Amino acid sequence: QVQLVESGGGLVQAGGSLRLSCAASGRTFSSYVMGWFRQAPGKEREFVAAIKWNGDSTYYSDSVKGRFTISTDNARNTVYLQMNSLSPEDTAVYYCAARPQTARGREYNYWGQGTQVTVSS
């Protein structure tokens, strides 16, 4: 069974930082793109960041560019999202996801359960 398990969420003050982790298991992800998404109450799920597992190519939404950093630790099969300069607008459930690099429509077919990030003023 493929599993993506997020952790590291919590409550943080505006301007603070959090590092989210996504532990991936159940298959080889070397040819996959790993992504982070988030969904705030009353809003649609939105793309945050992505990285090629077998490479250093990264992609960020404009809203987090310069503040968030996505990375992988291949030895631990873990994807990270380092979040700095957090604001209340970053409050959301954050999801880890995975897809083949060649997926048509860039559909992410594996998803984690999500971890709550709450940023207070």
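See the structure printed just above.
Just so you know, these numbers come straight off a predicted model, no measurement behind them.

What about the pairing of strand 4 (residues 32–39)?
Counting buried residues along strand 4, seven of its eight residues qualify, which places the element largely inside the surrounding structure. Relative to strand 9 (residues 92–100), strand 4 is paired through eight bridges, and the arrangement is antiparallel. In the sheet register, Tyr32 faces strand 9, and the bridge partner there is Pro100. Where strand 4 lies against strand 5 (residues 46–52), six bridges are found, and the strand directions are antiparallel. Bridging across to strand 5, Phe37 finds its partner in Phe47. Between strand 4 and strand 5, which follow one another and run antiparallel, lie six residues, and Gly42 among them has a positive phi close to 75°.

Re the state of the cysteines
All chains considered together, the criterion is met by one disulfide. The disulfide partner of Cys22 is Cys96, and the gap between their sulfur atoms is 2.0 Å. For the disulfide bridge between Cys22 and Cys96, the dihedral angle about the S-S bond is near -75°, and by the sign convention the bridge is left-handed. Here Cys22, found in strand 3 (residues 18–25), pairs with Cys96, found in strand 9; they are 74 residues apart in sequence, far enough to count as distant. Judged by its relative accessible area of 0%, Cys22 falls in the buried class.

Focus on unusual backbone geometry
Of note in the backbone geometry, Asn77 takes a positive phi value of approximately 50° without being a glycine. When you line up the elements, Asn77 lands in the loop between strand 7 (68–73) and strand 8 (78–83). Positive phi, close to 50°, is recorded for Ser85, a residue that is not glycine. Here Ser85 lies in the loop between strand 8 and strand 9. Overall, the relative accessible area of 45% leaves Ser85 in the partly exposed class.

Reading guide: rules and limits
Residues numbered from 1 in each chain as written. Predicted model: local features only at pLDDT ≥ 70, side-chain atom pairs only at ≥ 80, totals over all residues. Heavy atoms only, no water. Buried < 20%, exposed > 50% of the residue type's maximum accessible area, 1.4 Å probe, protein only. Helix = DSSP H or I, 4+ residues; strand = E, 2+ residues; numbered from the N terminus. Pairing = 2+ DSSP bridges. Disulfide = S-S within 2.5 Å.

Purely geometric numbers; function is a separate question.
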